[in-house]
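# Architecture and fold: a report
The primary structure of each chain is shown beneath.
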Amino acid sequence: MSTHTALIVGATGLVGKHLLDHMLTKTYYSKIKVLSRRPLEIDDPRVEVIVLPDFSEMNSISAQLAVEDYYCLLGTTIKLAGSKENFKKVDLEYPLMLAEIAQKAPEFRQYLVVTAAGSNADSPLFYNEEKGQLEEGLKQLHLKGLKIFRPSLLLGERDHFRLAEEIAKGISKIFSFFMVGLKRGLWSINASDVAKAMHIVASEGKEGIRVYSSNDMFKIVNTQGL
């Protein structure tokens, strides 16, 4: 029986929900910890929900978070965050804090994080700039294993309506009729496929820094799908 352990931060988000659901259909992890701001009802003995209303206090419970594989799926919008400062906390500061905690865990193996296709620390776009800064910050930590997933437009049902994304999804569906093979993954990707790709990559347990585009994730799921 597998004895691998994992922590998911952001399990209530679009990709996070799919990741947890996918994990629970597999036996790769014998223990799955979920860090959440609120209690969650998950009926599976392998899951331990750790409630922490303020993620800025993660360091105070670092021992509880110790696992092999850390999955960071934190993400918000400026509208939901209320300001650029709050957005930066969720999309940049907390993921870096979690990575530093992971690095100190005795059993740490790899850190898997979702950023964005346009991640660039020098981008004039605030969102892409923050994602790029996150990637650069993570690389500077020299983690044993760092897996960066850069999805393009994410398809799936969100808890919060985003008009721009809904319009883009409609366009994506039209374009999908004209896109062939792996090229279709460049425009958009299902959140469920991102989640599956993360799980597959984690199960390989490779060391070093690896970056996966939507095209890469689409290929992984369709050739190595579990």
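Worth saying up front: this structure is predicted, and the values here are computed from it rather than measured.

Scoring rules and cut-offs
- Residues numbered from 1 in each chain as written.
- Predicted model: local features only at pLDDT ≥ 70, side-chain atom pairs only at ≥ 80, totals over all residues.
- Heavy atoms only, no water.
- Helix = DSSP H or I, 4+ residues; strand = E, 2+ residues; numbered from the N terminus.
- Buried < 20%, exposed > 50% of the residue type's maximum accessible area, 1.4 Å probe, protein only.
- Contact = heavy atoms within 4.5 Å.
- Salt bridge = Lys/Arg side-chain N within 4 Å of Asp/Glu carboxyl O.
- Expected span 1.5 Å × (residues − 1).
- Pairing = 2+ DSSP bridges.
- Axes fitted to C-alpha atoms, helices over the stretch in contact; angles between N-to-C directions.
- Lys, Arg positive; Asp, Glu negative; His and termini not counted.
- Parallel < 35°, antiparallel > 145°, perpendicular 65-115°, else oblique.
- Left-handed = near helix turned anticlockwise from the far one by under 90°.
- pLDDT = per-residue confidence, 0-100.
- Right-handed = clockwise from strand over helix to strand, strands pointing away.

## Here's the deal with the overall build of the protein
Scanning the protein from N- to C-terminus turns up seven helices and nine strands. Across the 226 residues that make up the protein, the buried fraction comes to 47%. Considering only residue pairs separated by 6 or more positions, the protein has 68% of its internal contacts joining residues 24 or more positions apart.

## Quick word on the pattern of salt bridges
Inspection of the entire model under this criterion finds six salt bridges. Ionic pairing is found between K31 and E48, a salt bridge with its closest N-O pair at 3.5 Å. Of this pair, K31 sits in strand β2 (residues 29–36) while E48 sits in strand β3 (residues 47–51), and the two are 17 residues apart along the sequence. A relative accessible area of 26% places E48 in the partly exposed class.

## Notes on helix α4 (residues 126–140)
With 15 residues, α4 should cover 21 Å at 1.5 Å per step; its first-to-last C-alpha distance of 21 Å lies within 8% of that length. Listing the buried residues of α4 in full gives F126, N128, E130, K131, G132, L134, E135, G137 and L138. Looking at the buried side of α4, the elements it contacts are α2 (78–81), α3 (84–104), β5 (110–114) and β6 (145–150). Downstream of α4 by one or two residues, H142 has phi in the positive range, about 55°.

## Examining the sheet that holds β2
If you trace the seven strands from one edge of the open sheet to the other, you get β3-β2-β1-β4-β5-β6-β9, paired in parallel fashion. In this open sheet, the two edge strands, each paired with only one partner strand, are β3 and β9 (208–213). The sheet shows a mean angle of 15° between the axes of neighbouring strands, direction not considered. As paired elements, β2 and β3 share five bridges and run parallel to each other. Residue pairing across strands places S36 opposite V51, the latter belonging to β3. Each of β5, β6 and β9 touches α4; the most contacted strand, β6, lies at about 165° to it. This element, helix α6 (residues 191–204), spans β2, β4 (69–72), β5, β6 and β9 of the sheet and lies at about 165° to β5.

## Examining the side chain of E130
Structurally, the position occupied by E130 is in helix α4. We note that E130 is buried and unpaired, the nearest opposite charge coming from K88 at a distance of 4.6 Å. Once residues within four sequence positions are removed from consideration, E130 is found in contact with F87, K88 and L92.

## Here's the deal with the packing of α3 against α4
The geometry of α3 relative to α4 is characterised by a closest axis approach of 10 Å and an angle of 15° between their N-to-C directions. It follows that α3 is roughly parallel to α4 by the angle criterion. The handedness of the crossing between α3 and α4 is right-handed. Contacts from K84, F87, K88, D91, L92, P95, L96 and A99 of α3 reach α4 at F126, Y127, E130, K131, Q133, L134, G137 and L138.

## A few points about the confidence of the model for the protein
Of the residues in the protein, 86% reach a pLDDT of 70 or more, and the chain-wide mean stands at 89. This stretch, residues 160–185, has a pLDDT under 50; its non-local contacts, to residues over four places away or in other chains, come to 28 contacts.

## Comments concerning unusual backbone geometry
Not every positive phi belongs to a glycine, and H142 is a case in point at roughly 55°. Within the fold, H142 resides in the loop between α4 and β6. Classification of H142 by relative accessible area gives exposed; the value is 66%.

## Observations regarding the pairing of strand β1 (residues 4–9)
Burial analysis of β1 places five of its six residues in the buried class, the great majority of the element. Where β1 and β2 come together, six bridges link them in parallel fashion. Within the sheet, the bridge partner assigned to T5 lies in β2 and is K31. Regarding the hand of the β-α-β motif, the stretch spanning β1, helix α1 (residues 14–24) and β2 is right-handed.

## What about the environment of P151?
Of note, P151 is situated in the loop between β6 and β7 (153–155). When its relative accessible area of 5% is taken as the criterion, P151 is described as buried. In this structure the C-alpha to C-alpha distance between P151 and W187, which are 36 residues apart in sequence, comes to 9.2 Å. Setting aside chain neighbours within four positions, we find P151 in contact with V114, T115, A116, A117, I189, V194, S214 and M217.

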